[in-house]
Structures are given as C-alpha cells and as structure tokens.
Amino acid sequence: MKLTKHCLWLVLVLVLASGSAVFAQTIVHWQHHSPARNEMIEFFAREFEAQNPGVTIEFESIPLADYYTKLLPALAAGSGPDVFQLRSGDVPRYKEYEVIQALNIDHARALEEFVPGSYGFLVEDGTFYGLPTDVQTIVLFYNTEIFAELGITEVPSTWEELIETALLIADIEDGVMYRMGLAHGSYGPVIYTLMAQTGTEFQDEDGKVLFDNPQGREGFEFAVDWIAKYGVEDPDFGSRWTAFREQELGMVYAHPAMLGSFRNTHPDLPIGIAEVAAYKAGEPRTSVMTNWAYVASAGTDDLDLASRWIEFLTSAEAQRKWTIETGELPSRAALINDPELLEYEPLLAAPLASLESAVPYPFEALSQMDKAIRDAINRVTIAGESVDEAFEWFVQETEKVYREVILDEL
Amino acid sequence: MWYRFQRKIAPYVFILPGVLFYLMVTFIPAAIGIGLSFTNWSIITPKFDWVGLRNYERLLTDTLFQTSLSNTFRYALWLIPGVVICSLLLALLLNTKVRGITFFRTVYYLPMVTPIAVASVIWMWIYDRRTGILNYIVRLLGMPPRNWLNNPDTALGSLVVMGIWLSVGSNMIIYLAALQGISRSYYEAADIDGAGYWQRFRYITLPLLRPTTLFVIITTTMGALRAFSQMNIMTQGGPLDSTTTIVFYIFKTAFTDLRMGYAAAVSVVLFAITLVITFVDWKFLGKGVSYDAD
Amino acid sequence: MQTRHILKALTYVALISVGFVMLIPFLWMVLGSFKTAREVMKFPPTFIPEDPTLANYKEVFSRLSFGRYYLNTIITSVIPTIITVMTASMAGFGFAKYRFAGRGVIFWLILATMMIPYPVTIVPLYTMAYRAGLVNTYTGLIIVNLSSAFGIFMMRQFCLTIPNDLLDAARIDGSSEFGIFYRIIMPLTKPALATLTIFTFTGNWNSYMWPLLVVNTDRLRTLSLAIPLFNGQYSSFPNLVYAASAMAILPVVMLFIFNQRYFTEGITMSGLKE
C-alpha cells in the first residue's frame with residue numbers, strides 16, 4: 001500500500017519533470033552587483049518571464065571586485081552563464097577566443113539606435129557581439145554653494161577657465177591645503193578625456209601608439225599640472241569623494257553615477273553638473289565613455305532567446321528605468337533628450353548631453369591602461385621625473401600592454 | 001605477531017584519511033598548475049599551445065617580476081622576525097599567571113576574525129595623511145606627517161606593520177598552547193637546581209618550544225611569501241609598484257591579463273623559492289630537543 | 001618583592017596597550033554598525049556614534065535572507081572542522097611518532113602542495129568540481145576542507161614534544177596503537193586540539209574564494225559571500241557592511257570564548273606520571 005503510494009508519487013514527479021524539460025528554458029544571467037541593479041534585474045527578469053512563458057531567468061549578482069575571478073574559472077570549466085556582462089574593451093578578445101558569439105538581432109537597426117561611442121568595441125563588420133549597458137562618461141561635478149560664496153557665476157567651459165576657477169576655489173595656507181579646487185584622482189578615463197580633447201588619437205588597430213605627439217603630451221601635462229604646477233589638486237588630501245562630500249573640494253571630474261552615491265549619503269549636498277570643459281572655446285566638449293556589454297556565451301543552447309533577453313534589457317523602456325534606479329546612463333540615442341528622465345532628475349541634462357560627443361575608452365585593456373596612466377602621473381608627482389620622461393615611459397608602457405595583453409606575445 | 005603487524009600498519013591508517021582528503025583536492029590541481037607553466041593558456045578557452053620553457057625565459061627579462069620578487073622578500077624579511085618575536089613575547093607574558101588571560105587571549109584573536117576588507121578600511125584610516133592616528137602621533141613627536149600608503153618609501157613598511165598585527169594573535173595562541181604543554185616537572189627540577197628566570201627560559205622553555213618555533217616560522221614564511229589581500233585592497237600594488245608582491249602579480253597576470261600560462265611559470269618560481277627556504281629552515285631548526293619516533 | 005610588583009605592573013601595561021591596538025579595528029566595526037550612512041563616511045571620522053541606531057541591523061535582515069546564510073555557514077563550517085580536527089590530529093600523530101616507508105616523501109608532498117599559490121590551482125580545482133557535479137552543492141563547499149596541511153603540520157609538531165617513553169609504557173600495558181592515540185595523545189594535546197579547532201573553524205567560517213566560485217544561488221550563499229553585497233561600483237554602505245560583518249563574526253567570537261577552557265587544560269591536569 002505504502003509502496004504503491006510512493007510509486008505513484010514517483011511517477012507523478014517524473015512526468016512533471018520530463019514535461020517541464022520539454023517546455024522550460026533557462027537563461028543563466030551573471031552580472032556585477034550593486035543593490036539597486038540587483039533589484040532592477042530581478043524586476044526585468046520577472047517581466048521577461050511573464051512575456052515568455054516557460055522561460056526562467058536564473059540571475060546571479062556578483063561583487064564587481066570578484067566578478068572576473070568568478071567568471072573566468074566558470075568559462076574555463078564550461079559551466080559559465082548563458083548571458084553575462086563584459087567590459088566593452090574585453091569583447092574583441094573574448095570573441096577571438098570564441099567564448100562569445102554574434103547576437104541574433106537586427107544589426108543595422110542597432111547601429112542606428114545606440115550611441116556610437118558605446119559600441120566601438122562591440123561591432124565587427126556591422127555585426128554586434130554584445131549590446132551596450134552601464135554607460136559612463138566624464139562630467140564636471142561642482143559645488144554650487146562654493147561657487148555662490150566666491151561669486152562664480154559661469155561654470156567653466158574651457159581649460160583656461162577651469163584652472164582660473166580652480167585657483168579661486170583652492171584654499172592653501174602655508175603650503176597646507178584646506179580646500180581643493182579641482183580633482184581628477186589620476187583616474188584613467190579622466191586623463192584620457194583631457195588627452196582626447198587636444199585632438200590626438202591613441203592607438204591604431206595594430207597597436208601602434210598614435211598619441212606620441214605634442215597634442216597628446218599637452219593633455220598629459222595638463223593633468224600633471226593640476227597637481228604639480230597649479231596645485232589645485234593635492235594627492236595627499238585623501239579621497240576626492242570624501243572631500244567633495246565634505247565640501248572641501250569645489251570641482252571634480254567624475255562619472256555621472258557618482259550623483260546617486262552622493263545623494264545616498266548626503267541628500268542636501270549642493271551639486272551642479274556640467275559637461276567637461278573644452279580644450280579651447282569652440283572645441284567639442286569631448287569626454288571618454290566607458291561601458292559594459294551584455295554578451296551571449298558561445299555555449300548557450302538558445303542564441304535566439306539569449307539575444308531577445310539582451311535586447312529586452314537594453315530596450316529604451318528598460319534603460320529609462322535603469323537610469324532612474326541606478327544612475328547609470330542609457331546607451332540608446334533616443335533617451336538623450338528624454339523628457340521623463342529630465343523631469344525625474346534635471347541634473348541628468350549634462351550627463352545625457354555628454355553621450356553625443358563622447359568617444360569610447362581608447363584602449364582595449366582598460367584596467368592595465370588605467371594603471372599605466374596613474375603610474376605615469378605618479379612618476380612626476382611622487383618620483384619627481386620630468387613630464388617628458390614620464391610621457392616617454394607611458395608611450396612604451398602602452399606598447400608593452402598591447403604586446404602582452406592583447407597580442408599575448410611570449 | 002598481531003602486535004608487530006599492528007604497529008607496522010598503524011601509521012598508514014593514521015595518516016591515510018588526512019593525507020587522502022588533502023591530496024585529493026590539492027595534488028592534481030598543483031600538478032596541472034605546474035604543467036600550465038609550459039603553455040600559453042589564456043584561461044577562458046580550452047585551447048592552448050605547449051611553449052616549452054619560453055615562459056621561464058621571459059621571466060629573466062621581466063622587470064615587474066623582479067620588482068615583485070624583491071618586494072616580497074623585503075616584506076617577508078621584516079614580517080617574519082616581527083611576528084615570531086612579538087607572538088612569543090606576548091605568549092610568555094600571558095603565561096605568567098596574570099589575571100584576565102581569557103580576556104587578553106580573546107582580544108588578541110580578534111584581528112583574525114575581523115574580515116580583512118573591514119580591517120583594511122580601518123588601517124587605511126590609521127595611515128591617512130590628514131586625520132590618521134599615526135600622523136597625529138608623528139606630529140606630537142615633532143616630525144613631518146607623511147602619506148604612508150601613497151609613498152613608495154613607506155607603503156610596504158606600512159603593510160608589514162599591518163601584517164604583523166594580523167598574524168601575531170594566532171601565533172601567540174599556538175605558542176601559548178605549547179607553553180601550556182610543557183610539563184611543570186621540568187621547572188620544578190630547575191628550581192631545585194637554583195636556576196633563574198633567564199636560565200629556565202634559555203635551557204628549558206626555548207628548547208621545548210623548538211618544534212613550535214619551527215612551525216611558526218615555516219607557516220609565517222609561507223604566509224609572507226603569499227601576501228596578497230592587503231595589497232589588493234589597500235594599495236592595488238602601488239604606488240609605482242612598490243607593494244606589488246609576487247602573488248599580487250600572479251593574480252593580475254592570470255585573472256586580469258588572461259595570461260595563465262605565464263602566471264603559472266611565476267608561481268612555479270615562487271614555489272621553488274618557498275620550498276628551498278622551508279627546507280633550509282627545517283635543516284637548521286628542525287634538529288634539537290624533540291621526541292621523534294626512534 | 002618591590003621589583004616583582006613593578007614587573008607585574010609592566011606586564012599589564014604591555015598586555016593592555018597591545019590589546020588596545022588589537023581591539024581598535026574590531027571596536028571601530030562594532031561602533032560603526034550603529035552609525036548612520038552619513039556619519040560613517042564623515043571626515044574626520046567619529047569613533048563613538050553620535051546618534052546610535054539599530055536601523056542598519058534591521059536593514060541587513062530585510063534586504064538579505066541572513067538566517068539562511070547562517071544555516072549554510074554553520075553547515076559548511078562545523079562538518080569540515082570536526083572532520084579536519086580528526087584527520088589532521090591522526091595524521092600529525094602518525095608523522096611524528098612512527099617511522100615508516102615513505103614518511104618523508106608524503107610529508108614533504110603535503111608541505112609542497114601548500115606552497116603553490118592558489119591563483120593557478122583554483123581553476124583546475126574548480127574544473128574538477130564541475131566535472132564531478134559538485135558546483136552549487138553543499139558537498140562541493142565542504143569537500144575541499146576535510147583535511148588541512150596546516151593542521152597536520154601543527155599536530156605533528158605538538159606530538160613531537162610528547163616523550164616516547166609514555167607511548168612505550170602504554171604499549172607494555174597492552175594498549176593498541178589507536179588506544180595510545182585516544183588515551184594518551186588526545187588528552188596531552190588538548191590545548192593544541194583546541195587551537196586547531198578554532199583556527200579551522202575560523203578559516204572555514206570566513207572562507208571566501210571557494211564559495212565565491214562554487215555557489216551560484218542565494219539558497220547556498222554563505223555569510224562571507226553576503227557581506228560585499230551592500231556595495232556596488234559607485235555606491236558603498238560601510239554602515240551596513242559593518243553591521244553584517246559584526247553579526248557574521250559573532251558566532252566565531254562566542255565559540256572562541258566558550259573554547260577557552262580547553263586552551264589551558266594542558267599537561268598539568270592530565271595526571272602525567274613522570
């Protein structure tokens with residue numbers, strides 16, 4: 001009696017299991033974590049599941065610092081996710097290693113609808129290997145209270161004005177800094193923004209350095225000068241984010257997403273946001289764009305479904321919600337002047353506008369090149385090398401990174 | 001007959017589970033790891049080529065590898081004596097029938113349970129240029145404050161101090177356990193002979209602590225040569241590579257640069273160095289008073 | 001008499017000042033867990049919370065299934081700790097007190113595998129676990145921690161300090177080899193066993209890298225995996241991290257305190273005949 005009952009249960013379970021195996025499809029989705037993003041993806045997953053019966057999104061959110069540490073062994077073992085995030089500069093290499101595959105989407109339409117700066121690394125011969133997400137440009141955050149206090153009415157729009165304003169704000173007595181004027185924190189995307197504004201190019205497709213010219217050098221020297229010549233930034237002053245929060249820093253070049261971070265802890269901080277200052281009056285206010293891409297694993301069972309999920313996540317409606325909740329910029333051109341976004345957060349005007357003139361991060365190997373430029377600046381400000389020596393070192397380091405990381409030469 | 005058989009077979013039975021469970025999860029990965037050093041494997045693809053000794057040839061001209069090796073040695077040379085001396089001293093102090101031994105032992109153990117990410121935040125504040133405690137003290141002493149973690153001259157030393165803080169508690173507990181295990185009869189005998197404190201320490205305590213000291217030195221050395229977490233969290237190997245240790249370099253090479261084959265070659269070199277140092281320790285410190293099987 | 005008092009006082013001064021240095025970071029974390037997000041980022045920092053609040057603890061519990069993480073962490077710490085203490089103490093005894101063919105080779109093999117840095121071994125190990133179907137299972141979390149080179153080595157060193165005469169005497173009394181281990185070695189190495197237990201437990205409790213790779217669902221998440229989840233690329237909440245960390249390490253501290261008794265119960269109490 002008992003046995004038959006058990007058997008019946010077993011049969012029932014088996015039938016259910018096999019039945020669901022026929023209809024059920026699962027997409028395993030991995031991406032790096034923040035509390036707001038986590039909630040957003042959960043929300044989109046439920047929505048996508050409702051639209052596509054039988055589909056389950058299995059979502060795993062991984063701290064950014066450990067994201068690649070978890071992703072790489074999984075890819076190596078073949079247990080990786082179906083859909084995941086990569087830094088856009090990584091896409092060409094992963095494509096070459098045949099870890100990811102071309103998406104099954106309308107490529108021509110995607111070329112029109114996404115902001116050009118966001119897909120530089122994602123497209124090859126008109127084919128998308130990933131769709132852009134988590135877009136960041138560089139914008140100028142300034143403290144409106146400090147501006148008002150010092151009678152500064154114009155937000156600086158050229159390098160010259162930028163330094164003038166910074167010198168006005170900086171408060172230095174007997175060589176001790178009490179308030180910084182302006183800060184870049186030797187952060188790669190900011191320094192490359194300055195270099196890009198001079199009109200230099202960076203590297204050609206064969207890894208040849210193109211910025212070893214007076215323009216490139218001028219951009220680099222300008223970054224060094226904030227610290228070494230004008231003294232408006234002081235690396236000994238501590239974290240620039242803390243300084244900006246405590247109103248001990250007037251202006252900082254930063255990713256727009258910092259807005260959300262400031263608002264979280266200091267809701268009453270008097271923040272203004274403008275596009276970065278141009279090299280000279282009339283020149284474009286170019287900044288460097290960094291972003292991630294959603295890609296489909298080469299091993300995914302259903303490329304069509306994976307592509308649809310990626311398109312769903314990067315649709316205009318999804319990106320609008322995403323920007324509001326996470327502070328990360330959209331990659332769709334249609335949202336640049338989106339009234340709903342601007343109504344929700346008027347300060348988004350400058351970040352959204354910056355999308356149009358932004359250029360992609362100039363190198364594939366982002367973390368290596370962020371370190372290289374930081375070292376180059378430290379060589380001047382800490383080790384006391386001349387700008388020429390440090391710049392020369394940086395040129396060679398760029399070539400070395402390309403040889404070792406991109407070409408994987410032995 | 002049974003007795004002799006039992007005695008022959010017993011050691012294998014004793015070591016079998018421990019050795020098996022350990023080697024089961026370490027031996028094959030370690031062997032594969034060594035094998036990888038002869039390939040150009042990039043981690044994310046199943047494909048790779050055998051490249052013979054080319055990774056090792058590259059090491060000879062890799063300046064960052066040499067820098068990281070010298071950083072690691074300097075870190076270890078300061079850390080190891082610091083940890084051994086401090087933990088032994090603390091254990092001796094705690095063993096002198098003071099009150100509150102339970103309390104102190106718990107307090108000294110806390111660095112080991114505090115998550116390293118949290119501990120790092122606090123140490124970064126201690127070393128902060130403007131408001132850190134360290135610069136406060138330095139100013140009181142009439143010396144100029146420094147940016148401890150952002151200066152190539154002081155960054156590694158700052159991490160050594162934190163490293164000692166991290167591991168002194170656990171080693172002190174090991175020493176304490178060893179001190180508790182020394183039979184009181186030895187000291188009683190020494191008392192009868194009229195030996196003073198120093199003589200008792202020199203001729204009874206220290207020799208009997210020898211196996212423990214060997215253990216502490218070897219494990220601390222291994223830990224120092226593999227230092228990674230603080231460098232990863234607090235300095236990212238900087239400024240100007242002054243805190244890039246060998247494991248930090250291995251980690252970056254494997255997981256950021258995707259050059260697993262090369263990272264494996266660096267690992268093999270570190271492995272060889274560790275093995276040699278451990279062997280030397282063993283030869284010099286492993287002898288003396290201990291009751292090995294006869 | 002006078003100098004003895006001075007020495008004692010100096011001892012306390014040394015112990016307390018070192019203890020203070022050891023304690024500060026821990027205190028900082030606990031106090032930080034009662035601060036608001038704004039205060040915790042304040043510069044210059046405050047030590048004592050200006051406006052203590054329990055909100056962080058509530059938030060940690062409401063955002064994550066912390067109870068489940070406790071359960072997972074207990075399962076994946078207690079089982080390996082019990083097994084490791086047994087396997088390591090037996091193996092340590094075996095290596096210390098017997099001569100047998102292959103002793104040196106096996107022991108050095110264990111030491112040697114301990115010296116290969118994990119970045120190169122973790123990928124093959126993960127691949128093995130995946131092929132064996134152990135990814136995303138409790139077994140996968142536990143299986144790598146059933147023995148420890150550190151433990152074997154430590155127990156070997158402690159066993160070395162036990163006189164051989166003791167073992168021979170037991171043998172003459174007719175004790176079996178296992179009886180020697182159980183009735184002589186175990187009681188005599190109690191402080192070492194207590195040390196090994198707490199070290200192994202702490203290591204398992206805080207272990208991060210392996211669970212990070214093996215766990216793919218919230219159902220199996222351990223406490224150490226949950227703590228970084230309060231931070232993102234641009235936003236961080238140290239107050240929540242401190243609250244979560246404080247709760248996460250509480251059981252370890254408790255175990256340590258309750259374990260104290262065994263630390264001091266050494267050779268002196270076990271009725272050594274010598």
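For clarity, every value in this text was computed on a predicted model and none was experimentally measured. (Residues numbered from 1 in each chain as written. Chains lettered and ligands numbered in written order. Predicted model: local features only at pLDDT ≥ 70, side-chain atom pairs only at ≥ 80, totals over all residues. Heavy atoms only, no water.)

A.B. asks: What is the right way to look at the overall build of chain C in this model?
C.D. replies: When you go through chain C residue by residue, the secondary structure sums to 14 helices and zero strands. N-terminal to C-terminal, the α/β element order of chain C is α-α-α-α-α-α-α-α-α-α-α-α-α-α. Its C-alpha atoms give chain C a radius of gyration of 23 Å, clearly above 19 Å, the size a compact globule of 274 residues would have. Taking the principal axes of its C-alpha atoms as reference, chain C extends roughly 70 × 70 × 30 Å. Evaluated residue by residue, chain C yields a buried proportion of 59% over its 274 residues. Of all intrachain contacts in chain C linking residues separated by at least 6 positions in sequence, the fraction that spans at least 24 positions is 72%. Treating the 20 positive side-chain charges of chain C as one cloud and the 11 negative ones as another, the clouds have centres 4 Å apart. (Helix = DSSP H or I, 4+ residues; strand = E, 2+ residues; numbered from the N terminus. Rg over C-alpha atoms; globule rule 2.2 N^0.38 Å. Buried < 20%, exposed > 50% of the residue type's maximum accessible area, 1.4 Å probe, protein only. Contact = heavy atoms within 4.5 Å. Lys, Arg positive; Asp, Glu negative; His and termini not counted. Charge placed at Lys NZ, Arg CZ, Asp CG, Glu CD.)

A.B. asks: Hey, could you run me through the interface of chain B and chain C in this one?
C.D. replies: In many reports, interface size means the accessible area that the parts give up when they come together. Listed as interface residues are 98 residues of chain B and, on the opposing side, 100 residues of chain C. Carbon and sulfur atoms make up 77% of the surface buried where chain B meets chain C, a total of about 8900 Å² over both sides. Summed over the shared surface of chain B and chain C, the number is zero salt bridges. If you look at where chain B meets chain C, you find nine residue pairs in polar contact (both at pLDDT 80 or more). Per-element tally for the side of chain B that touches chain C: the top contributor is helix α1 (residues 2-36) of chain B, with 26 residues. When the residues that make up the side of chain B that touches chain C are grouped by side-chain class, the tally is 69 nonpolar, 19 polar and 10 charged. (Buried area = accessible area lost by both parts, 1.4 Å probe. Salt bridge = Lys/Arg side-chain N within 4 Å of Asp/Glu carboxyl O. Polar contact = N/O pair within 3.5 Å; in protein donor to acceptor, adjacent residues only side chain to side chain. Nonpolar A, V, L, I, M, F, W, Y, C, P; charged D, E, K, R; others polar.)

A.B. asks: Could you clarify how one ought to interpret the packing of helix α2 (residues 35-51) of chain A against helix α12 (residues 303-313) of chain A in this entry?
C.D. replies: A pair of packed helices can be characterised by two numbers: the angle between their axes and the separation between those axes. Residues and elements named next belong to chain A. Across the interface, α2 lies against α12 with an axial gap of 11 Å and an inter-helix angle of 130 degrees. With respect to their mutual orientation, α2 and α12 come out oblique. Both α2 and α12 take part in a crossing whose hand is right-handed. Counting all contacts with α2, which are made through Ile41, Phe44, Ala45, Glu47, Phe48 and Gln51, the residues of α12 involved are Leu305, Arg308, Trp309, Phe312 and Leu313. Residue composition of the contact of α2 with α12, by class: eight nonpolar, one polar and two charged. (Axes fitted to C-alpha atoms, helices over the stretch in contact; angles between N-to-C directions. Parallel < 35°, antiparallel > 145°, perpendicular 65-115°, else oblique. Left-handed = near helix turned anticlockwise from the far one by under 90°.)

A.B. asks: Whenever I open this one, the packing of aromatic side chains confuses me. Can you help?
C.D. replies: In total, this model carries 70 aromatic pairs over all chains according to the counting rule given. A centroid spacing of 6.5 Å and a plane angle of 45 degrees characterise the contact between Phe114 of chain A and Phe128 of chain A, whose relative ring orientation is tilted. With a gap of 14 residues between them, Phe114 of chain A in the loop between α5 (107-113) and β5 (123-124) and Phe128 of chain A in strand β6 (residues 127-128) connect regions that are remote in the sequence. Of the two residues, Phe114 of chain A and Phe128 of chain A, neither departs from the other in class, the shared state being buried. Ring centres 6.4 Å apart and planes at 75 degrees place the aromatic pair Tyr361 of chain A and Phe363 of chain A in the edge-to-face group. Its relative accessible area of 4% is what places Tyr361 of chain A among the buried residues. Residue classification places Phe363 of chain A among the buried residues on the basis of a relative accessible area of 2%. Geometry around Phe107 of chain C places Arg156 of chain C over its ring, the cationic atom sitting 5.0 Å from the centre. (Phe/Tyr/Trp six-rings, centres within 6.5 Å; stacked < 30°, edge-to-face > 60°. Lys NZ or Arg CZ within 6 Å of the ring centre and 35° of its normal.)

A.B. asks: I keep staring at the pattern of salt bridges and nothing clicks. Help me out?
C.D. replies: Any two side chains of opposite charge can pair, on the condition that their charged atoms come close. The tally for this structure, following the rule as stated, stands at 27 salt bridges over all chains. With a shortest N-O distance of 3.6 Å, Asp236 of chain A and Arg129 of chain B are connected by a salt bridge. On the criterion of chain membership, the pair formed by Asp236 of chain A in the loop between α9 (214-228) and α10 (240-245) and Arg129 of chain B in the loop between α5 (116-126) and α6 (133-140) is interchain, its members lying in two chains. On the accessibility criterion, Arg129 of chain B (22% relative accessible area) is partly exposed. Its salt-bridge partner being Asp268 of chain A, residue Arg38 of chain C comes within 3.1 Å of it at the nearest N-O pair. Here Arg38 of chain C is found in helix α2 (residues 37-40), whereas its partner Asp268 of chain A is found in the loop between α11 (258-265) and β12 (271-275) on a different chain. Within this structure, Arg37, Asp134 and Glu328 of chain A form a network of salt bridges that share partners.

A.B. asks: Just to check I follow, could you spell out unusual backbone geometry for this structure?
C.D. replies: For residues other than glycine, phi is negative in most cases, and the peptide bonds are mostly trans. Residues and elements named next belong to chain A. Even without glycine at this site, Asp125 takes up a positive phi of about 50 degrees. Assignment of secondary structure puts Asp125 in the loop between β5 and β6. With relative accessibility at 75%, the residue Asp125 sits in the exposed group.

A.B. asks: Is there a simple way to think about the interface of chain A and chain C in this case?
C.D. replies: Listed per partner, the contact involves 34 residues of chain A and 27 residues of chain C. Across the chain A to chain C interface the summed buried area is about 2600 Å²; carbon plus sulfur atoms make up 60%. Along the contact surface separating chain A from chain C lie two salt bridges. Along the contact surface separating chain A from chain C lie eight residue pairs in polar contact (both at pLDDT 80 or more). Among the secondary structure elements, those contributing two or more residues to the side of chain A that touches chain C are β1 (25-32), β2 (55-62), α3 (67-77), α10 and α11 of chain A. Sorting elements by how many residues they give to the side of chain A that touches chain C places α3 of chain A first, with six residues. Residues belonging to the side of chain A that touches chain C are distributed by class as follows: 13 nonpolar, 14 polar and seven charged.

A.B. asks: Would you take a moment to explain the confidence of the model for chain C for this structure?
C.D. replies: Any residue range with low pLDDT should be treated as having predicted coordinates unsuitable for detailed reading. The predicted model of chain C has a mean per-residue pLDDT of 87, with 95% of residues at 70 or higher. Mean pLDDT per element in chain C: α2 of chain C is the minimum at 82, and helix α7 (residues 138-143) of chain C is the maximum at 95. (pLDDT = per-residue confidence, 0-100.)

A.B. asks: Is there a simple way to think about the environment of Leu27 of chain C in this case?
C.D. replies: Residues and elements named next belong to chain C. As for its placement among the helices and strands, Leu27 is situated in helix α1 (residues 2-32). For Leu27 and Thr195, which are 168 residues apart along the polypeptide, the C-alpha to C-alpha distance reads 24 Å. Those residues in contact with Leu27 that sit more than four places away from it in its chain are Gly32 and Phe47.

A.B. asks: What am I meant to see in the sheet that holds strand β9 (residues 171-173) of chain A here?
C.D. replies: The pairing of strands in a sheet comes from backbone hydrogen bonds and takes either a parallel or an antiparallel form. Residues and elements named next belong to chain A. Read across the sheet, five strands follow the order β9-β10-β11-β8-β12 without closing on themselves; strand pairing throughout is mixed. A single partner strand is all that each edge strand has here, and the edge strands are β9 and β12. Each strand axis lies, on average, 30 degrees off the axis of its neighbour in the sheet, ignoring direction. Sitting on the sheet, helix α7 (residues 159-169) touches β8 (139-143), β9, β10 (176-183) and β11 (249-254), and the angle it makes with β10 is about 155 degrees. Together, β8 and β12 form the strand contacts of helix α15 (residues 349-357), whose direction differs from that of β12 by roughly 15 degrees. (Pairing = 2+ DSSP bridges.)

A.B. asks: What is the right way to look at the domain arrangement of chain A in this model?
C.D. replies: Residue and element names in this part refer to chain A. One can read the domain layout of chain A as domain 1 (20-135 + 290-357) and domain 2 (139-286 + 365-406). When each unit is reduced to the centre of its C-alpha atoms, the spacing between domain 1 and domain 2 is 29 Å. Each partner contributes residues to the interface: domain 1 has 12 residues there, and domain 2 has 17 residues. Of the roughly 1200 Å² buried where domain 1 meets domain 2, counting both sides, 66% is carbon and sulfur surface. (Domains from an automatic or database assignment.)

A.B. asks: Any chance you could explain the packing of helix α7 (residues 155-180) of chain B against helix α10 (residues 210-225) of chain B here in plain terms?
C.D. replies: Residue and element names in this part refer to chain B. Direction vectors running N to C along α7 and α10 enclose 165 degrees, while the axes themselves pass 10 Å from each other. Comparing their axes, α10 and α7 come out roughly antiparallel. Our pair here, α7 against α10, has a crossing hand that is right-handed. Taking contact as the criterion, the partners of Asn171, Ile174, Tyr175 and Ala178 in α7 are, on α10, Thr212, Thr213, Phe215, Val216 and Thr220.

A.B. asks: Whenever I open this one, the nonpolar core confuses me. Can you help?
C.D. replies: Soluble globular proteins: nonpolar side chains tend toward being buried together. Core analysis: the largest hydrophobic core is formed by 243 residues, its most contacted members being Tyr94 and Trp309 of chain A. The element best represented in this core is α7 of chain B, accounting for 15 residues. Those residues in contact with Trp309 of chain A that lie beyond four places of it in its chain are Ile27, His29, Phe44, Ala45, Phe48, Ile57 and Val83 of chain A. Core analysis: the next-biggest nonpolar cluster, separate from the first, contains 56 residues, Leu194, Phe202, Met251 and Ala274 of chain A among them. (Core = buried A, V, L, I, M, F, W, Y, C linked by side-chain atoms within 4.5 Å.)

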